[in-house]
Every structure is written in structure tokens, then in C-alpha cells.
Amino acid sequence: MHANPIRPGLRFLVPLCCLLAVVLSGATPLPVARLFDLPAVSPPKVSPNGQLVAFGGNFKGVHHLVLIDTGTLKDVGSVPLKDFSILDVWWKADDSVLVLLERELGGQELRNYHPQTRKFVRLTAENSRFGNLYSLTTPGIDGRTTSWRMIDIVSLLPQDPEHVLVRTGVSSNSCAARRINIRTGSSDLVEPKQSYVRQWIADRDGRVVAAKGLDYTHKVHFMLWRAAPGSPWQRLELGTGDFGSFLPLAAHPEPGRILGLDQALPGPNALIALNPATGEKEVLFQHPELDLDGIVFWDQQDPQPVAVAYEAEQPSLHFLDETAARIQAGLDESLPDRRNQVYSRSLDLGMLAVYSVSSTSPGKYLLFDRRNRRISLLGEPYPGLKGSEFSPSAPFAFKSHDGLVVRGRFWTPPGNPPKPALVVIADERQRARADFNPEVQFYTTRGYAVAQIDYRGTYGYGRAFREAGDTGLAATSADDLIKGVELLVNRGLVDGNRVALHGRDWGGLVAIYALAKSDRFALWLNYSTKTTWNSADTSYTSEWSVDRRAVEALDLKTLLPRIKTPSIHLYAKSGISVLLHQHIRGQGAKADLVTFEANWAADSEVVGRRELEARTKMAELLLQRMPARID
């Protein structure tokens, strides 16, 4: 299953969580280093004829392109890739695998691999090693080279066996669409660069039919569309806000319509087919209470969705395709109590590559052979997480001070504890999820339990719920958090005298307000919340970061004197805008600062290792300041 989720920003920390101490019964603590492991196996992709499956694997520190025969389950062509890791693979045909590689010291390139000859053809090569500023070159028709950045594949062009369509750009604010010859690496321009276009959308035949973009302010959304192939592009303004009024995701099977999420509704969003020429909308699916996460694809060759993803008490799918619905039902029956995500399939649907995961399992990649009714293990993305007893989670809900239902999720570690201590982790506005979360399990294996509270402003419950936090961080979001903590205390699940609050980015702002309004918290963990004296510091932010509307009332000179809670602060040295720890110390409270070097033009592995060291130090200080158990 391949989803196009709404992703306002990917952060490692969970949105808002609570941790409580218990007496463990033999659980092995999850090592801090495991939290930052890169996947040992990339998502597997099944060849169109179903005879082979390809994926990237990291074996003893060396990355390989792995090819498995689906009949015998034997390795038939592993290729070591020294100094490279595999980001993704695609089958262009039964005898052609496109491989996107990343150099360990920075830089990317796209190659075409032929299983029969076991040879690579380099399609692009990168000139620079500076993160997203890299430049790729490919030979032109006249023999000269053309420099551009490859970003991702738009279409595998199933009707064109020799070419693939990729999204390219010359800056972070624009992109073009180029067609690459997979035999020679030569390319030609299909769609010229369009300023502030972030993504091109192609139909099932590989024709570019739309584009989505975000203007220079990172707030105004728009869509480009055309009435017919080759006709001029027209611009449809989609408004401001987190996503705009419409989020285009894919081409509709019928010409002239675009599939996407209607974000203009006051309640939950809806999957619609939009005719941009007339403005006509057809609602295909809407959940009565919850936002949709995105649309789901099974086929690399066909960009048409089979389902819509959303999450109630567990991750769920609403199918648009009856055949896919029946197959998924059989898969879920064979693998109960898990989320079984189809990543790719053969053209005849006989072979499926599946990711199977639950709240207590880090997940496995499986091969589902429908013809022989056989499920086989392909690989585990996080083998280092073996050996620990992980904790399940369960949803909960309560009414806020003004009667609004607020939801959350609670993880309980093994054992039958007395009233334990609690730690709350606040992150960006992502809602609680049931899938395996390594950071949550890091704490549960040490005797803390975790509860996540989806305060107002959290994504996933409709526009009105989300926007209530935009202008009401103090009056609504922080109050929802405090009310949720009090509920857990009153139910006897936590020790009300041992509650710690962890905040980052948007969640960090909620944490500041909650700390200023309540003396419930015994410890504050602040992870890189960027502020100025009078607002959030937006100089580092992207389009998905802190909204100015949410922080107009943030005045640290007024709020900080109210905070008496001991604290631990973690920042990259270049990211400290206001030295919160110094002002907390000035008020007589204990405050520790943990920093790490973050030269983002340097090797990402080095930066990650430095951040790991800092995160480890922060965890050690947490365990010292508020140990999981009291003897």
C-alpha cells in the first residue's frame, strides 16, 4: 500500500504523550541508539510478472540491491553497493529495476539495473553534496550535459518502455518534469520549470495533467491544470492555511477531473473528484468524525488509487476497488490484529509485497503468494528492536472544559504497578497513532507508560478542531492538555506529583502555556522550541511549521516568571534563539542545557550521530531527575 498522506511535517517525536513508571516484569530496555536506526530493509517491490521482488538491504554495514525469486524464495542477484544506500526501487519492466541511491558522504543518483546481465546503467550523477542543493547531470541530445536536480519519479510511463518521467528542479522553489531514457540516460524536457510548483501529477498514461504549489510566502496554495494535453496551464487559487481549500493528489480516470482532499469543509475533509474548469465536486468518501490521511496505491505502473486511508481506533481503509477490498480482507484474516499495508503487487494480483505492523511490533516485510496461499518473510526494517517486550496502546476520550470531546491514546507497560510517574511528550500537531512508535517504547521498556492527548489544534479531526488551536493555544490547547492529565491522575493511573512535560516546536509552545497555567508538572523537557521574546521564531520554519496566528500572544517576559518547573533543554547550537534555560535559572529553578553541532551542509550521518548523543544525554537527565521507579 502506498499512501499520499497529509503530512504537515515529519517529526520523530510523537505529538503529545504521557509517561508513567511501573514495576517491570522482565522487559529489556530498548537502547537509545535503536531509536535512530535507519531501516535495514527498504520497501520491497514486486516485478510486473510476479516472478521477482527487489528491495534494498543493509547487511553488516554494506548496502545491497536484493532480488528474490518469489517461487523459491532464494536470492538470485544481490549486488553490493559500496558507499551507497538505497532510497527506493521501481520495476520499469520485468527485466529493468530503477534504483535511487544516496551516497554515504552526500549526494544521490538514479541507476537502471538489469537482473539478467547484472549490470547498472547510471542515468543521473550528482555534482554537489550539499543536501537539497545538489545538481544532477545527464547527457543531452547534442552531447552537452544538462544540470538539474532530480526529486522523484512522477510516472513510470507504462506505455513507453524506454523512458521514465521525473520531477526535477533548479532551486527549492520551482520544478520541471523531464523524461529520461533508461538505456542511455539522455533526457528531454516535458514541462518547463514553473515557479513555486512542488509536485507534478500525471495520468495513467504518463501525461502531466496538474501540479500543486505553494507561493513564496509558504502560505498561499494553488493548483495548475489544463483543459487538454498541450493546452495552456491555468491557475486555480486554493487559499491559505495549512493545506489550502483543496489538496490535489492524483489524476481521476476520467479526463478533466483531479482526485484530492476537500479541505474547505468545517468538519473532516473528504475525498472528492474536482473538475477545475467548472468547480464541480463529486464526494467519493467522507468519514463523519475523522480526517482522511490520503489515498492508497498498490500498483507502481498504475497511478489510480484503490482505497482511502484514515485512522479511527486502528488504521482503517475505505476501498474504492472491490477486488482490492476482497484481497485485503483475506490478508487481514491471515494476519489478524495488525495493519497490513500492501506496497506493491504483480499485474495479475497473484503476488503482494506487504508491510505488517502493530503497536507492539516494529513490523515485517512479507510476501503474500495468493496463488499458493503462502506468506513468507522478506525482511525486518528494524532488527535491532528485537528482544524487548513492547507495550500495547488503547484509545481514550474525555470532554474538555467547554464540552468538546478530546481524544488520546494510552500505552501501558508490563506489570501491575502502583500509581506511577508520568511524562508528557508534546510535538507538532500530529494526532495519536496506533502503529509501533520506537520512542514511546523506549520509555515503556524503562518503566514509563505513555498517553498521547490530541489537544485542539491537532491535525486529524477536521478544520474547525485544527483552527481552534491556531488562535487559542493558551485558552484551548493548553487547557485540553491540562484536563487530560488531570483525568489520568483522577483515574489513579499516574502519580500526580511526578508529571513531566516534553515539548517540541508547536507542542513546545503548548507546553510553555501549560507550564505557566498549571503547577501540576514536576519536570519540563524542551526540545528545540524556537521563540523570540514576543512570538514564535519563524525564521527557521517551513510551510508546515508554527503559524503566526497561534503565537501572537506569546510573551515570554510574562510567561517565564510563572514557570517554576525544573527543566532540560536540547538545541542545535545554531538554533538557539532565546536562551530559555538561562531565564529559568534566573528564577531559581534548575535548568540544564544540552546542545549538539548541526552543520546541515555536512555529512548527514555525522549530524545524526551528534543529535543522537544529545538525545541520549537528555534521556539520561530525565532518568536522573525523575526515575521510573521509587524503591
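Residues numbered from 1 in each chain as written. Predicted model: local features only at pLDDT ≥ 70, side-chain atom pairs only at ≥ 80, totals over all residues. Heavy atoms only, no water.

Novice: How would you summarise unusual backbone geometry if you had to cite specific residues and measurements?
Specialist: Phi at arginine 118 takes a positive value of approximately 55 degrees, unusual for a residue other than glycine. Take arginine 118: it is sitting in the loop between strand E9 (108-114) and strand E10 (119-122). With a relative accessible area of 53%, arginine 118 lands in the exposed category. (Helix = DSSP H or I, 4+ residues; strand = E, 2+ residues; numbered from the N terminus. Buried < 20%, exposed > 50% of the residue type's maximum accessible area, 1.4 Å probe, protein only.)

Novice: Could you give an account of the packing of aromatic side chains, naming the residues involved and the relevant values?
Specialist: Tallying each qualifying case throughout the model produces 13 aromatic pairs. Judged by centre distance (5.8 Å) and plane angle (50 degrees), the ring pair of tryptophan 200 and tryptophan 233 falls under tilted. Residue tryptophan 200 is found in strand E17 (residues 197-202), and its partner tryptophan 233 is found in the loop between strand E19 (221-225) and strand E20 (234-239); the two are separated by 33 residues along the sequence. The class for tryptophan 200 is buried, based on a relative accessible area of 2%. With a centroid separation of 5.9 Å and an interplanar angle of 85 degrees, the aromatic rings of tyrosine 443 and tyrosine 448 are classed as edge-to-face. Ring pairing ties together the aromatic residues Tyr343, Tyr355 and Tyr365, which thus form one cluster. Across from the ring centre of phenylalanine 84, 4.9 Å away, lies the NZ or CZ of arginine 111, which sits over that ring. If you follow arginine 111 out to its NZ or CZ, it ends over the ring of phenylalanine 120, 5.3 Å from the centre. (Phe/Tyr/Trp six-rings, centres within 6.5 Å; stacked < 30°, edge-to-face > 60°. Lys NZ or Arg CZ within 6 Å of the ring centre and 35° of its normal.)

Novice: Give a detailed account of the environment of leucine 271, specifying residues and quantitative values.
Specialist: Looking at the secondary structure, you find leucine 271 in strand E23 (residues 270-275). Note: C-alpha distance between leucine 271 and histidine 287 (16 residues apart in sequence) is 9.5 Å. If sequence neighbours within four positions are ignored, leucine 271 has contacts with Gly260, Leu261, Glu282, Val283, Leu284, Phe285, Leu292, Ile295, Val308 and Leu320. (Contact = heavy atoms within 4.5 Å.)

Novice: Quick one: what's the story with the packing of helix H4 (residues 473-490) against helix H5 (residues 505-517), residue by residue and with numbers?
Specialist: Orientation of H4 relative to H5, taken along the N-to-C sense of each, is 80 degrees, at an axis distance of 9 Å. Relative to H5, the element H4 is oriented roughly perpendicular. Counting all contacts with H4, which are made through Leu473, Ala474, Ala475, Ser477, Ala478, Asp479, Leu481 and Ile482, the residues of H5 involved are Trp506, Leu509, Val510, Tyr513, Ala514 and Lys517. (Axes fitted to C-alpha atoms, helices over the stretch in contact; angles between N-to-C directions. Parallel < 35°, antiparallel > 145°, perpendicular 65-115°, else oblique.)

Novice: Give me the side chain of histidine 64: which residues, what numbers.
Specialist: If you trace the backbone, histidine 64 turns up in strand E5 (residues 62-69). A distance of 3.0 Å separates the side chain of histidine 64 from the backbone oxygen of valine 62, its partner in a polar contact. (Polar contact = N/O pair within 3.5 Å; in protein donor to acceptor, adjacent residues only side chain to side chain.)

Novice: Can you tell me about the sheet that holds E17, naming the residues and giving the values?
Specialist: Sheet strands line up and pair through hydrogen bonds in the backbone, either parallel or antiparallel. Taking strand neighbours across the sheet as the criterion, the four strands line up as E17-E18-E19-E20 in an open arrangement whose pairing is antiparallel. In this open sheet, the two edge strands, each paired with only one partner strand, are E17 and E20. Adjacent strand axes in the sheet meet at a mean angle of 20 degrees when their direction is disregarded. Here E17 pairs with strand E18 (residues 208-214) via five bridges, running antiparallel. From the neighbouring strand, glutamine 199 faces E18, where its bridge partner is lysine 212. (Pairing = 2+ DSSP bridges.)

Novice: Residues and numbers for the pairing of E9, please.
Specialist: Among the seven residues of E9, six are classified as buried, and the element is accordingly described as predominantly covered. In this sheet, E10 lies alongside E9 in antiparallel orientation, the contact comprising four bridges. By the bridge assignment, arginine 111 is partnered in E10 with arginine 122. The hairpin formed by E9 and E10 contains four residues between the paired strands, and arginine 118 there has a positive phi angle of roughly 55 degrees.

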